[in-house]
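A look at the structure
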Amino acid sequence: MKLFQCLLVASLTCGSGFSQEVISYLNYIRQFQTPSGVVFDASNSVGQSGSMLSPLPIQKNGARFELWTIQSSSVSGVSEYLLSSSYVASYIPTASLTLSSSDTTSPVPRTRVDQPFYVTYTIGGLLSGATDPDASKAVTYQHHVQSYGPGGTGANLDRTQAILYREEKIEKNATYNQTFTITSIPRDGFSSATKIRGEERFTIRSLPDDRDGYHVDSLIIDSKTIQIWPVADGSISGITNGQKVRYSVPQLTLTLNDLYPFSTTYLQAYKGNPVLGTTGAIISGSQLVINDSVPNSRTLVVSNYGADLADDGTWTMELITKTPFGTDRLAYVTFELDRTMKVNGTVTTSE
Amino acid sequence: MKPWIAFSLLGLLPVAAEPPMRDATTHEELELRYRKAMQEEAMRKANAPAPQVDPAKKPAPAKPAEPAKPPTLLGQSDIICFNGVATIVPKRAILQSPQNLASRLQYQAGAKLVGWKDFYELNRAWITTVEVSEEQAQGDSPLAEDTQKKVVKSTQLVVATFKGGPISVLPLKTPPPEGNASAKSPQQTPSKP
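Please read all numbers here as calculations on a predicted model, not as lab measurements.

1. Topic: the overall build of chain A
Looking only at helices and strands, chain A features one helix and 23 strands. Residues counted as buried form 53% of the 351 residues belonging to chain A. Contacts in chain A between residues far apart in sequence, at least 24 positions, make up 69% of those at least 6 positions apart. When the accessible surface of chain A is totalled, it reaches about 15,600 Å², and 51% of it is carbon and sulfur.

Take a look at the structure:
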């Protein structure tokens, strides 16, 4: 109950000082007929999940489908994300790509720069007969990376500037699994490897196809993108290591940078020297809950928290952040608390 | 965000066994991991089998690495915006847009994006639709003559639809017969500001 109350206070406190960004998402499905180029908007009702028959029939040269989501933000405007793309035709191979990480909280796949992510793709329908079209015998696997730059969020990103990191031809029907323990986004411009942010895009493309007088360019059969966000950092100022705190506790300033888009951050305190993994009392007014599409940086001022430090003695305060990847300690400080008032005096009597 | 929603976020975190608390990853730790990954990648490339060469096949000419050209939805669409609400339709879906409605084809900052169906419901007073067939959309056959006349003379924004969804209409592949030459086909010269 105390945790709930603390969160209630923090949410109200944090909400009062900042204008709330309003974000909404709208999903679109587009069908592109090949080779005619007719484009149909099939978005009348694209919910969180579902299925529907293709409104336009698939001609022999196939059709490409794209699933987009557009984010409308009251602060940063409109940003579009290609969630999936698929090209289907009578003899074009099939491909299914999935990206995953420990963060399952967002419709747009994302992870943190120090965390792994996984790519699985299944290729089917590849032919190998002597008379089979070339476009039916292989697909192209591509891996693009693109940095958002320091502080970037990917809004209005020019994705034509993405770097082709790896390209391979696949000629065998199979399921392929890849684990990426580290991002391939270039470090240029970032002060630290922990602050890299950007996106990695994986694509399976058909080969160019020339048949029956039609030319069809290499098209995306499936494509998925994962966002990479930085590791948070934080500091506690207003109190120093080893400081002796007398009577009233000092005001603290918590500087929080790059809090993960889905995270809960707070200051906790426990008696004794620092021991990583200790659960302490959460300091009133120090909690911050983030549920966003991008990392957040904030400054919190915490004061009048003396009641959270029950006794005098050695105390350790730790700045903690909880994310889908676990619990991280961002900073800590140890101090002496001595609120005992000693009075030196003498008692005399006189008659 | 309402506090009770904020509280319940903690409950939405995965319930699998949580890893023990740790200090936040440092630059040095990540650099170490990066160097190890690069070494493994170099070994993988060094050990990868040489590509099989079919002596009967002519080698394909060397080509430059394919530039990344991802599509953009907004780049492939026209925006219709009015009264704080906007929607997007495929390019070439708008068959007629009178001059006095030109300002409604530009996005106004802060407008809420909605789907076509919802936008059309709100703006029926100045938008009309023309249902086309697949052949008409592909430019294989023209719109009916009276439809063409209605579109050209319309004072409303005219959007081509297929089964109720906006669809692009390509130019006619062959010009209309001599007798209809005087009718301005919206498929050949879509009228847009």
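On we go.
2. Structural notes on the overall build of chain B
Within chain B, the regular secondary structure consists of five helices and eight strands. Helices and strands in chain B line up, N terminus first, as α-β-α-β-β-β-β-α-β-α-α-β-β. In chain B, which comprises 193 residues, the share counted as buried stands at 36%. When contacts within chain B are restricted to residue pairs at least 6 apart in sequence, those whose partners lie at least 24 apart make up 72%. Working note: accessible area of chain B is about 12,100 Å², and carbon and sulfur atoms make up 58% of it.

3. Some remarks on the interface of chain A and chain B
It is common to give the size of an interface as the accessible area lost on bringing the parts into contact. Contacts between chain A and chain B engage 73 residues on the former and 59 residues on the latter. Together, the buried faces of chain A and chain B total about 5,600 Å²; carbon and sulfur atoms form 62% of this surface. Seen at the junction of chain A and chain B, the total is three salt bridges. Between A:Asp328 and B:Arg22 there is a salt bridge, with its nearest N and O atoms 2.7 Å apart. Counting across the chain A and chain B interface gives 17 residue pairs in polar contact (both at pLDDT 80 or more). Grouping the amino acids of the side of chain A that touches chain B by side-chain chemistry returns 31 nonpolar, 24 polar and 18 charged. Taken together, the two bridges between strand 23 (residues 326-338) of chain A and strand 1 (residues 22-23) of chain B define a ladder with parallel strand orientation. In the strand pairing of strand 1 of chain B, A:Asp328 is matched with B:Arg22.

4. Observations concerning the nonpolar core
The tendency in soluble globular proteins is for nonpolar side chains to be buried side by side. Formed by 61 residues in total, the largest nonpolar core has its most connected members in A:Ile204, A:Ile236, A:Leu309 and A:Met317. For this core, the element with the highest residue contribution is strand 23 of chain A, accounting for five residues. Sequence-distant contacts of A:Leu309, defined by excluding residues within four places in its chain, comprise A:Val249, A:Ala269, A:Ile283, A:Trp315, A:Phe335, A:Leu337 and A:Arg339. Core analysis: the next-biggest nonpolar cluster, separate from the first, contains 16 residues, A:Phe40, A:Leu56, B:Phe162 and B:Val169 among them.

5. Remarks on the packing of aromatic side chains
Under the criterion given, the structure shown has 12 aromatic pairs over all chains. Ring geometry for A:Phe40 against B:Phe162: centres 5.9 Å apart, planes inclined by 90 degrees, an arrangement best described as edge-to-face. Of this pair, A:Phe40 sits in strand 2 (residues 39-41) while B:Phe162 sits in strand 7 (residues 157-162), which puts the two residues in different chains. Looking at A:Phe40, the relative accessible area reads 2%, which means it is buried. Members of the aromatic cluster, each reached through a chain of ring pairs, are A:Phe117, A:Tyr121, A:Tyr141, A:Tyr176, A:Phe180 and A:Phe202.

6. Quick notes on helix 2 (residues 27-47) of chain B
Look at helix 2 of chain B: 30 Å from first C-alpha to last across 21 residues, which is about the 30 Å you get at 1.5 Å a residue. Turning to helix 2 of chain B, its buried residues are B:Leu30, B:Glu31, B:Ala37 and B:Glu41. Seen along its axis, helix 2 of chain B keeps its buried residues to an arc of 125 degrees; they face one direction. Relative to its buried face, helix 2 of chain B has exposed residues pointing more than 90 degrees away, namely B:Glu28, B:Leu32, B:Lys36, B:Gln39, B:Met43, B:Ala46 and B:Asn47. Packed against the buried residues of helix 2 of chain B are strand 9 (163-170) of chain A.

7. Observations regarding the confidence of the model for chain B
Residue and element names in this part refer to chain B. Overall, the predicted model of chain B reaches an average pLDDT of 78, with 69% of residues at or above 70. In the predicted structure, residues 1-14 sits below a pLDDT of 50 and forms 22 contacts with residues beyond four places in sequence or in another chain. Contacts from residues 180-185, a stretch scored under 50 in pLDDT, to residues over four places away or in other chains number six contacts. Taken together, the chains of this predicted complex give a pTM of 0.68 and an interface ipTM of 0.74.

8. A look at the sheet that holds strand 7 (residues 117-124) of chain A
Residues and elements named next belong to chain A. The strand order across the open sheet built from three strands is 5-7-10, with neighbouring strands paired in antiparallel fashion. Two strands lie at the open edges of the sheet, namely strand 5 (94-100) and strand 10 (174-180), each paired on one side alone. The mean inter-strand angle of the sheet, taken between neighbouring strand axes irrespective of direction, is 10 degrees. Sheet analysis places strand 7 next to strand 10, joined by seven bridges and oriented antiparallel. What sits directly across from Val119, in strand 10, is Gln178.

9. So, unusual backbone geometry
Although it is not a glycine, A:Asp258 adopts a positive phi angle of roughly 55 degrees. With respect to the secondary-structure elements, A:Asp258 resides in strand 17 (residues 252-259). For A:Asp258, a relative accessible area of 12% translates into the label buried. One non-glycine residue, B:Asn83, lies in the positive phi region at around 60 degrees. Note that B:Asn83 resides in the loop between strand 2 (77-82) and strand 3 (85-90).

10. Describing the sheet that holds strand 21 (residues 296-302) of chain A
Residue and element names in this part refer to chain A. Taken in spatial order, the three strands make up an open sheet running 15-17-21, and their pairing is antiparallel. If you trace the sheet from one side to the other, it starts and ends with strand 15 (233-237) and strand 21, each paired once. In this sheet, neighbouring strand axes are inclined to one another by 10 degrees on average, regardless of whether the strands run parallel or antiparallel.

What counts, and at which threshold
- Residues numbered from 1 in each chain as written.
- Chains lettered and ligands numbered in written order.
- Predicted model: local features only at pLDDT ≥ 70, side-chain atom pairs only at ≥ 80, totals over all residues.
- Heavy atoms only, no water.
- Helix = DSSP H or I, 4+ residues; strand = E, 2+ residues; numbered from the N terminus.
- Buried < 20%, exposed > 50% of the residue type's maximum accessible area, 1.4 Å probe, protein only.
- Contact = heavy atoms within 4.5 Å.
- Areas by Shrake-Rupley, 256 points an atom, 1.4 Å probe, with all protein chains shown as cover.
- Buried area = accessible area lost by both parts, 1.4 Å probe.
- Salt bridge = Lys/Arg side-chain N within 4 Å of Asp/Glu carboxyl O.
- Polar contact = N/O pair within 3.5 Å; in protein donor to acceptor, adjacent residues only side chain to side chain.
- Nonpolar A, V, L, I, M, F, W, Y, C, P; charged D, E, K, R; others polar.
- Pairing = 2+ DSSP bridges.
- Core = buried A, V, L, I, M, F, W, Y, C linked by side-chain atoms within 4.5 Å.
- Phe/Tyr/Trp six-rings, centres within 6.5 Å; stacked < 30°, edge-to-face > 60°.
- Expected span 1.5 Å × (residues − 1).
- Arc of directions from axis to C-beta.
- pLDDT = per-residue confidence, 0-100.
- Axes fitted to C-alpha atoms, helices over the stretch in contact; angles between N-to-C directions.

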